[in-house]
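Summary of the model geometry
The residues making up each chain are set out below.
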Amino acid sequence: ENGYDLWLRYSYINDSEIRENYSQYFNKINISGESETLVVIKNELLRASKGMFNKKVLWENDHLKAKLIIVNKENYPKQLEKNVPQDWASIGEEGFSIKYVKINDNYKIIIAGNSEIGLLYGTFELLKQMQMQNDLSRLNIIESPKTDIRLLNHWDNLDRTVERGYAGFSIWNWHKLPEYIDPRYEDYARANASIGINGTVLTNVNANALVLEPRYIEKVKALADVFRPYGIKVYLTARFSAPIEIGGLETADPLDENVKNWWATKTAEIYKEIPDFGGFLVKANSEGQPGPQNYGRNHADGANMLADAVAPFGGVIMWRAFVYSEHDPTDRAKQAYSEFVPYDGQFRDNVIIQVKNGAIDFQPREPFHPMFGAMPKTPLMMEFQITQEYLGFSTHMVFLPKLYEEVLKADTYREGEGSTVAKVIDGSLHNKSITGMAGVSNVGTDINWTGHPFAQANWYGYGRLAWNPYLSAEEIAEEWLKLTFSTNPNFLDTMIPMLMESREAVVNYMTPLGLHHLMATGHHYGPGPWVNDLSRPEWNPTYYHKADKEGIGFNRSETGTNAVSQYEETVAKNFNEPATTPEKLLLWFHHLSWDYKMKDGNILWDALALKYQEGVNQVKKMISTWEQMKPYIDEERFKEVKMLLSIQLKEAKWWRDASLSYFQEFSGKPIPNGVPKPGKTLEEYKSMTYPYAPGIRPRW
Ligand code: BDP
């Protein structure tokens, strides 16, 4: 097994009883219609049947004789209306129902939906149930997505490099498109549709205007044509200065009539080729990207101008809140909130603000972004990072749904207790008209798509949470392990806890107790807490940990930058005091003395050192657990993961030793019992940084 098949392996079912039971449904499938989506459904059924039963599918025209009926509202048979009524409203536009029913002594499964895309999702669900070897006679499912826009964001460049990509090159072969359609495009669409993802932003947020030229639009159209039957729309990133760069205008000022016209014409050009084009994602006035502020305008001016261009075609503008201004370097964590919240209510209806889960940048742990819940009149969508920029690339095993779940469950208190981030994202907290979630993709040309075999779980889990932000990380872990490796209960009982712990392990050995952004410069691989020579203060790790003889941590309380005040009062009050701040976030909000007493009685310095050690111990445990899993796993993936885990252990120790040897310079305290003394000098650790690492942006 090389991992190419992801969670859609359809491996042969060895248990003959289960196999016979399942395969009877494939002997008589009733599905009518010839649309492209129905063809996709049929092909998936053929593929699954070949894999799970080594049998062909037999189609049945008479739905009364059929064992499996896949039917939309329009074609729903009259007879069944009486026997198997459907509540079409609760199924929703993209949703489905799957029912196991008995009609005249015959057992049947009926997949019903309002749209054919709903039927596709329903089919994938049934196949998932079979792959997990669940009891079909219990099927009584009604599912519909809780968010509208469920996206992957590719940070892929037109030269096929991928910014922060650790799984090879971009899967978009721009050079050979539009004529050459790589079979991977279809497999990519299948994988996404199987977890409910319904859109893809093809290009990097650090955008290249060329993709808006006709020679690229025809390539984008070719991809859109492949994805359409799977319910997946394409989106592009819009470079704000495109009217100058490829349009020959002298300005990109959003209030300039020529600029408005340019975008309106450009948009019409795209929609002529791709009538269901999703819209644009925009990174403006951030990290050197141009934007409305270059012309003295604000984010609303910029976003609304583009929104007007796509509105006649039903498009949306996803405007990113990941900004940090040149002018206020005192606390980067405050900048997005300060720049956006004052404009609440001033954005057009088809604008949605895309907000990273935390206010800094995809760290192993951050408190939830204070913007969530703070803009009642503006739709906000979540941006998670699936690619592991700050979490060991595709070398370290980290189950990210645990991180996603933590953020989604966090309580903003904006409308009283229980105002979770999930309620902001599904729109229920403030009754939002558009909702969505974006995940920065970890997909590349590697044979297994994601580099680390376990990084597939992060793509899978992200998709599941975009569909339903209330799912638990644990149920996602169980599903994914069953689909990807084995349904054996011993395997699952051991591996589910290991996945659940893996994220905390990385937090512990990289940035425990609320520390953040201590990774090496540029590529962000390995420790670099000592770095302090970058041109902007907030690019330096020293800016974030502020270690000195007195102590360590970033004072964001009232006595510091007062970033806590951007949260709702109850939350702010808790974060404002060390005693009521969760210890996991302690140094995010407070600068505390090395002797500060922790809840367990340890002083801060000892607690910090022990956390680093705990992270190392957790990786050791992962290795011994994996060893025990050998009987349940194919040779190829077993070895691959084993080798990766050994790198992870080496690097967990590197993180611990380098960090402690550096921080010890300030604390002046001995390494506590239970933690080995670093084996090298600080100078040696400093020289260990990687000269080259994958995924770095070419411009910096
Ligand atoms: C940071 C990355 C950078 C991205 C930026 C963004 O280091 O490569 O361009 O985020 O999200 O995490 O725009």
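By convention here, each chain's residues receive numbers from 1 onward along its written sequence. This being a predicted model, a pLDDT of at least 70 is required before a residue's local features are given, and a value of 80 or more before pairs of side-chain atoms are given or counted; all residues contribute to the totals for chains, interfaces and linings.

As annotated in an unreviewed UniProt entry, the protein carries the name Xylan alpha-1,2-glucuronidase and comes from Winogradskyella poriferorum. UniProt positions are given in the numbering used here, feature names are shortened, and annotations may be inferred rather than shown by experiment. Per its UniProt entry, the protein bears the Subunit (unreviewed entry) comment "Homodimer."

A word on the site of the ligand
Being near a molecule or strand means, for a residue, that its backbone-placed C-beta atom lies within 6 Å of it. Near the ligand the following residues occur: Glu163, Arg164, Val205, Asn206, Lys283, Glu287, Phe322, Asp361, Phe362, Glu389 and Arg697. Each residue receives one of three labels: charged for Asp, Glu, Lys and Arg, nonpolar for Ala, Val, Leu, Ile, Met, Phe, Trp, Tyr, Cys and Pro, and polar for the others, Gly being one of them. The residue inventory of the shell around the ligand, partitioned by class, reads 3 nonpolar, 1 polar and 7 charged.

Quick word on unusual backbone geometry
In this chain, leucine 177 is followed by proline 178 through a cis amide linkage whose omega measures 5 degrees. Helix and strand definitions here come from DSSP, where helices need a minimum of 4 consecutive H or I residues and strands a minimum of 2 consecutive E residues; each element is numbered from the N-terminal end. Following the sequence through the fold, proline 178 ends up in the loop between strand S6 (149-153) and helix H6 (183-194). A positive phi is found at phenylalanine 362, a non-glycine position, where the angle reads about 50 degrees. In this fold, phenylalanine 362 is placed in the loop between strand S11 (351-356) and strand S12 (380-385). Partly exposed residues are those whose C-beta has more than 12 but fewer than 20 other C-beta atoms within 10 Å; 20 or more makes a residue buried and 12 or fewer makes it exposed, with C-beta atoms placed from the backbone. Owing to 23 C-beta atoms within 10 Å, phenylalanine 362 belongs among the buried residues under this scheme.

Some details on the nonpolar core
As a rule of thumb, nonpolar side chains are buried together in soluble globular proteins. Each nonpolar core consists of buried Ala, Val, Leu, Ile, Met, Phe, Trp, Tyr and Cys residues. Their C-beta atoms, within 7 Å, join them into a set. One finds Leu306, Ile317 and Met371 to be the most contacted residues of the largest nonpolar core, which totals 210 residues. When residues in this core are grouped by element, the largest group, 10 residues, is from helix H20 (residues 604-628).

So, the domain arrangement of the protein
Per the domain assignment, the segments making up the protein are domain 1 (16-143), domain 2 (149-472) and domain 3 (508-554 + 591-687). For the domains described, the bounds stem from an automatic or database domain assignment. Centre-to-centre, using C-alpha coordinates, domain 1 lies 34 Å away from domain 2. A pair of residues counts as a contact when their C-beta atoms, built from backbone coordinates, are within 7 Å of each other. Facing the 8 residues of domain 1 at the interface are 8 residues of domain 2. Counted by class, the side of domain 1 that touches domain 2 contains 5 nonpolar, 1 polar and 2 charged residues.

Examining the environment of tyrosine 12
In this fold, tyrosine 12 is placed in the segment before helix H1 (16-26). What makes tyrosine 12 exposed here is the crowd of 11 C-beta atoms within 10 Å. In this structure, the C-alpha to C-alpha distance between tyrosine 12 and proline 370, residues 358 residues apart in sequence, is 48 Å. Contact partners of tyrosine 12, with chain neighbours within four places excluded, come to Gly51, Met52 and Asn54.

Structural notes on the confidence of the model for the protein
Scored from 0 to 100, pLDDT records how confident the predictor is in each individual residue. When pLDDT is averaged along the protein, the result is 97; 99% of the residues meet or exceed 70. Under the prediction, the complex receives an ipTM of 0.99, its pTM being 0.98.

Topic: the packing of helix H12 (residues 401-409) against helix H14 (residues 456-467)
A fitted line through C-alpha atoms represents every axis, and for helices the fit uses only the stretch in contact; the resulting angles, taken between N-to-C directions, go from 0 to 180 degrees. In contact at an axis separation of 9 Å, H12 and H14 are set at 25 degrees when each is read in the N-to-C sense. Taken as axis vectors, H12 and H14 run roughly parallel relative to one another. In this structure, H12 contributes Pro401, Tyr404 and Leu408 to the contact, and H14 contributes Gly461, Tyr462 and Leu465. Residues of the contact of H12 with H14, tallied by class, amount to 5 nonpolar, 1 polar and no charged. We call two directions roughly parallel when the angle between them is under 35 degrees, roughly antiparallel when it is over 145, roughly perpendicular when it lies between 65 and 115, and oblique otherwise.

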